[in-house]
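Coordinate inspection notes
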Number of protein chains: 2
Amino acid sequence: MNSSYDSPPADCLHSACVERGERHGLDFLFHPESVALVGITTSNPLHWTRTFLDAFIESGFDRPLYLVNPKGGEIKGHKVYPSLREVPGSIDHVIGLVNARTAPRLVEECAEKGVRAAHFCTSGFSETGDPDRIRLESELAEAGRRTGIRIIGPNCMGIYCPQSRLSFSPVLPRESGPVGLISQSGGNSVYLVRQGALRGIRFSKVISYGNACDINENDLLEYLAGDPETRIICLYIEGIKDGKRFRKALEKAARDKTVILLKGGLTEGGARAVAGHTAALAGSRSTWEALCRQLGIISVHSLDEMIDVLVTLLFLPLPGGRNAVLFGAGGGASVLIADEFETRGLQVPALSPDVIARLQEFTPAAGNILRNPIDYSQNMLDAERTRKAFDIVSKWEGTDFVVTFIRTGQFVLPWLSGARINMLLGRFWIDRDDLPKPVAMVIEPSVLPQEAEAILPAINECISSRLPVYYSFGAAANAIDLVLSQAERRAAAD
Amino acid sequence: MNSSYDSPPADCLHSACVERGERHGLDFLFHPESVALVGITTSNPLHWTRTFLDAFIESGFDRPLYLVNPKGGEIKGHKVYPSLREVPGSIDHVIGLVNARTAPRLVEECAEKGVRAAHFCTSGFSETGDPDRIRLESELAEAGRRTGIRIIGPNCMGIYCPQSRLSFSPVLPRESGPVGLISQSGGNSVYLVRQGALRGIRFSKVISYGNACDINENDLLEYLAGDPETRIICLYIEGIKDGKRFRKALEKAARDKTVILLKGGLTEGGARAVAGHTAALAGSRSTWEALCRQLGIISVHSLDEMIDVLVTLLFLPLPGGRNAVLFGAGGGASVLIADEFETRGLQVPALSPDVIARLQEFTPAAGNILRNPIDYSQNMLDAERTRKAFDIVSKWEGTDFVVTFIRTGQFVLPWLSGARINMLLGRFWIDRDDLPKPVAMVIEPSVLPQEAEAILPAINECISSRLPVYYSFGAAANAIDLVLSQAERRAAAD
């Protein structure tokens with residue numbers, strides 16, 4: 001780790017540098033030696049500023065952590081220093097929880113202590129639209145430039161980096177993963193990490209960068225493009241400060257990694273929200289869509305869609321084509337899932353007569369539909385028979401992947417929609433290395449209280465076994481199509 | 001109730017008849033005096049045939065219920081008769097749980113007992129594609145014609161009618177409601193009733209009619225169109241037997257009531273699934289879409305979309321226009337919900353300077369966005385302030401309705417995303433009769449275990465207060481647009 005306080009050399013952002021295993025660029029942001037929480041409240045344990053302390057405790061942060069508040073005192077066994085100056089050790093990284101008006105002054109104090117980066121969670125700057133507060137943000141940026149201290153924010157959650165145990169919430173996983181996230185919005189970044197975690201997704205580095213008065217989407221994108229811990233880059237962008245540089249950074253990132261983009265503010269109302277949220281300029285829908293197509297970037301329109309695409313990229317081996325066997329429970333469900341898949345350009349080809357004949361050898365005609373989709377409802381509680389059928393269809397050369405599906409809310413008896421069926425469905429490929437084809441699993445869950453207890457453990461077992469689990473027919477079809485389309489565009493371009 | 005066993009007069013299906021309060025047409029299907037479950041298994045309490053007995057027990061069926069199985073014996077205190085003939089009382093309605101091959105013979109036995117309707121849950125008929133079994137279904141239909149007994153199915157769940165306590169599952173609500181459902185698929189009908197129930201929706205009559213060898217979509221649609229207990233008719237159709245009659249029935253139904261249609265099998269793969277499921281012919285997408293537009297029918301593409309439209313029709317008073325104020329928590333969430341609404345042609349107009357000024361009088365600038373959407377995150381725990389702001393914006397003449405939104409997974413602390421915020425949001429309009437504008441509520445729920453307990457009771461309180469609650473920004477926008485579009489088309493046609 002680079003321990004100098006100098007600004008990182010601009011020419012360090014190259015793959016050669018990464019190949020040599022060198023830390024580079026903005027690394028110091030993600031790996032501070034010590035952190036101070038300035039402005040944490042001493043009186044109210046439910047105050048939002050306390051979240052950061054709880055986050056650091058929960059993440060197991062193992063380097064010096066200092067608390068600062070003019071009132072002094074103690075919080076959870078940590079001494080509270082009245083000012084930054086009075087902190088005995090050196091400080092690498094400051095998290096500013098202070099009132100907006102005192103933010104520029106805090107930067108000056110940071111300079112005295114040799115701080116390298118200051119993150120301002122505080123809001124009340126340009127996003128208010130108030131000229132005074134726009135000026136205040138300029139002062140903050142200017143203080144950063146003058147002192148050489150890099151500023152994150154203001155008006156953002158800052159950094160979550162499990163590897164170095166930086167965190168902004170006590171409910172985020174401690175484990176690292178291959179997904180980097182750059183998000184202008186704090187709420188969206190928390191949502192993605194939390195909901196993503198429930199789907200088995202883990203992150204390398206997450207940065208909520210807010211108003212971007214200094215460090216912006218370009219700096220962060222260039223950094224993550226060269227970050228060896230990051231394989232997939234997710235972007236939630238409201239507006240950009242330098243279109244040319246952003247395009248170049250995006251192009252480089254998309255060349256080496258998979259990039260997923262969610263652009264906020266593509267409508268008039270959305271753009272107004274952007275202006276109020278991070279004071280950025282939104283840009284037109286067609287421009288953004290064209291850019292994504294051109295650069296081979298996966299464009300999504302909601303956070304849940306982003307999570308579904310991540311699940312696909314991380315857990316579904318890329319199918320060799322668009323032909324799917326849909327294997328599951330329910331006649332009506334079969335019809336609807338086939339419609340969802342074919343509407344999105346995935347194919348559900350008729351089974352060959354040979355495959356049907358082999359299935360018929362041991363499958364009763366009543367209550368099962370041996371076409372494609374295959375409704376195996378009536379046999380699904382017979383594990384051996386279902387495994388045999390599943391093996392036959394997944395080895396069929398007419399299919400590129402298999403999707404098993406179950407809709408727990410369709411069953412007339414709660415126990416039928418509980419753990420048993422999920423377990424049976426999942427059991428065919430959990431811990432199997434010899435699966436002939438990629439397999440996805442769609443579970444449309446009922447939230448009937450008496451079922452949740454039975455269903456959730458089964459779903460979680462599948463997720464922790466790194467299976468691609470989706471929660472709706474449409475979401476699965478959409479995400480698999482998006483990932484296949486991107487791979488097809490890349491193959492065509494090569 | 002008509003107690004004669006004659007076929008209902010065809011000319012009874014008229015509104016004049018309904019106005020006179022007379023039971024008519026297929027009423028006898030929904031209000032049997034006595035029921036026999038024929039073929040219920042005596043040995044295995046987990047066998048699917050037992051579901052019907054559990055369903056009748058759970059629904060509180062209070063008329064004679066007979067069990068029939070050649071083995072005789074007793075189940076849960078009910079005597080099991082070896083044959084239909086040996087049942088002492090008269091039987092109105094038979095639920096056939098017998099093997100497909102014995103179904104035609106059972107109809108003959110029903111005739112001896114004066115049965116009026118026989119529902120065959122059994123599968124293994126034309127849906128298998130097997131010529132022998134197609135013939136078997138013809139025999140079943142022929143037995144019905146010969147004896148005058150009306151046949152429901154085969155290959156379906158039959159009838160759920162809370163008013164008369166007919167049911168096909170022990171987990172369905174006992175309460176009646178204004179929604180009628182005609183579904184070719186049993187699984188889809190169970191799903192709609194169960195998931196719908198969790199959203200506050202209750203049904204008048206639900207019929208899963210399967211292969212429709214006798215009673216078909218036309219009979220049922222004509223019946224529900226004249227049923228005074230049914231205000232909204234939902235259709236899940238895989239294929240139709242008589243296009244001309246269906247169109248006419250649909251036209252009449254859509255004239256008097258709101259009709260929502262989900263057509264399964266609009267793709268090649270979906271149509272193949274239809275053939276395997278209920279042996280119907282699927283028809284092209286464009287034909288169906290055109291038909292819906294022409295007749296003022298709301299066309300949906302998934303069961304969850306159907307449920308969201310029902311929530312809108314039942315619980316959101318029809319807004320006078322497309323302008324919405326979005327009032328909730330989170331900057332990133334504000335941007336995304338505005339995009340979702342405007343993408344679907346709903347408008348999120350800029351607040352007037354006057355409204356903004358009035359909000360600013362008591363709302364701090366930092367952490368709140370006083371545009372539209374309104375991000376009231378920082379004040380949401382102050383109930384008085386939030387209520388005041390909510391009242392100001394909902395009285396604003398620039399808006400036709402208000403949507404409050406919250407995404408529980410975006411908060412850094414679980415307690416923030418728990419009951420408190422949901423309660424606060426909901427409390428502004430629960431039990432208020434003086435709301436100036438229709439209000440919808442979008443809660444994107446996290447399923448983090450530590451939050452579910454706090455969130456679900458708050459959500460359920462809102463639902464049981466008959467508030468329109470949606471679970472995603474996109475789903476809310478889509479459903480509200482669909483309902484408004486249909487109202488606009490109707491107004492234009494008038």
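Residues numbered from 1 in each chain as written. Chains lettered and ligands numbered in written order. Predicted model: local features only at pLDDT ≥ 70, side-chain atom pairs only at ≥ 80, totals over all residues. Heavy atoms only, no water.

All names here are of chain A. The domain boundaries assigned to chain A delineate domain 1 (31-152), domain 2 (158-314) and domain 3 (317-493). For domain 1 versus domain 2, the separation of C-alpha centres amounts to 24 Å. On the domain 2 side, the residues contacting the 27 residues of domain 1 number 23 residues. Buried area between domain 1 and domain 2, both sides added, is near 2,100 Å², and the carbon and sulfur share of it is 58%. Interface area lost by domain 1 to domain 2 is led by His31, Glu127 and Ile152, which between them contribute 26%. (Domains from an automatic or database assignment. Contact = heavy atoms within 4.5 Å. Buried area = accessible area lost by both parts, 1.4 Å probe.)

So, about the interface of chain B and chain A. Tallying the contact residues gives 80 residues for chain B and 80 residues for chain A. Buried area between chain B and chain A, both sides added, is near 5,700 Å², and the carbon and sulfur share of it is 59%. Those elements that place two or more of their residues in the side of chain B that touches chain A are α6 (186-198), β12 (258-263), α9 (268-278), α12 (331-343) and α16 (449-464) of chain B. Of the residues forming the side of chain B that touches chain A, the biggest block, 11 residues, is contributed by α12 of chain B. (Helix = DSSP H or I, 4+ residues; strand = E, 2+ residues; numbered from the N terminus.)

With that settled, consider the relation of the copies chain B and chain A. Taken as rigid bodies, chain B and chain A are interconverted by a rotation of 180° and an axial shift of 0.0 Å, the fit giving an RMSD of 0.0 Å. Overall, the copies show the geometry of a two-fold rotation axis. Most of the interface of chain B is mirrored in chain A, where 100% of its interface residues again form contacts. (Least-squares fit on C-alpha atoms with pLDDT ≥ 70 in both.)

Residues and elements named next belong to chain A. Within the open sheet, the six strands sit side by side as β15-β16-β14-β17-β18-β19. Their pairing is mixed. In this open sheet, the two strands that pair with only one neighbour each are β15 (369-370) and β19 (469-470). Bridging between strand β17 (residues 401-407) and strand β18 (residues 439-444) involves six bridges; their strand directions are parallel. Note on β18: the bridge partner recorded for Val403 is Ala440. Those strands touched by helix α12 (residues 331-343) are β14 (324-328), β15, β16 (374-375) and β17, and its axis lies near 135° from that of β17. (Pairing = 2+ DSSP bridges. Axes fitted to C-alpha atoms, helices over the stretch in contact; angles between N-to-C directions.)

Cis geometry is adopted by the peptide bond preceding Pro154 of chain A, which originates at Gly153 of chain A and carries an omega value of 0°. Here Pro154 of chain A lies in the loop between β7 (150-152) and β8 (158-160). Of note in this structure, Arg466 of chain A is not a glycine but carries a positive phi near 60°. For Arg466 of chain A, the location among the structural elements is in the loop between α16 (449-464) and β19. The class for Arg466 of chain A is exposed, based on a relative accessible area of 52%. With a phi angle near 45°, Lys76 of chain B is a residue other than glycine that sits in the positive phi range. Structurally, the position occupied by Lys76 of chain B is in the loop between β3 (73-75) and β4 (78-81). (Buried < 20%, exposed > 50% of the residue type's maximum accessible area, 1.4 Å probe, protein only.)

Scanning the model with the defined rule gives 16 aromatic pairs over all chains in all. Aromatic side chains Phe56 of chain B and Phe61 of chain B sit 5.0 Å apart centroid to centroid with 80° between the ring planes, which places their arrangement in the edge-to-face category. Classification of Phe61 of chain B by relative accessible area gives buried; the value is 13%. Relative to Phe168 of chain B, the ring of Tyr160 of chain B has its centre 6.2 Å away and its plane inclined at 55°; by these criteria the two rings are tilted. Assigned by exposure class, Tyr160 of chain B and Phe168 of chain B land together as buried. Taken together, Phe327, Tyr376 and Phe390 of chain A form an aromatic cluster joined through their ring pairs. Positioned above the aromatic ring of Phe30 of chain A, the side-chain terminus of Lys205 of chain A is 5.9 Å from the ring centre. It is Lys388 of chain A that lies over the ring of Phe362 of chain A; its NZ or CZ is 4.4 Å from the centre. (Phe/Tyr/Trp six-rings, centres within 6.5 Å; stacked < 30°, edge-to-face > 60°. Lys NZ or Arg CZ within 6 Å of the ring centre and 35° of its normal.)

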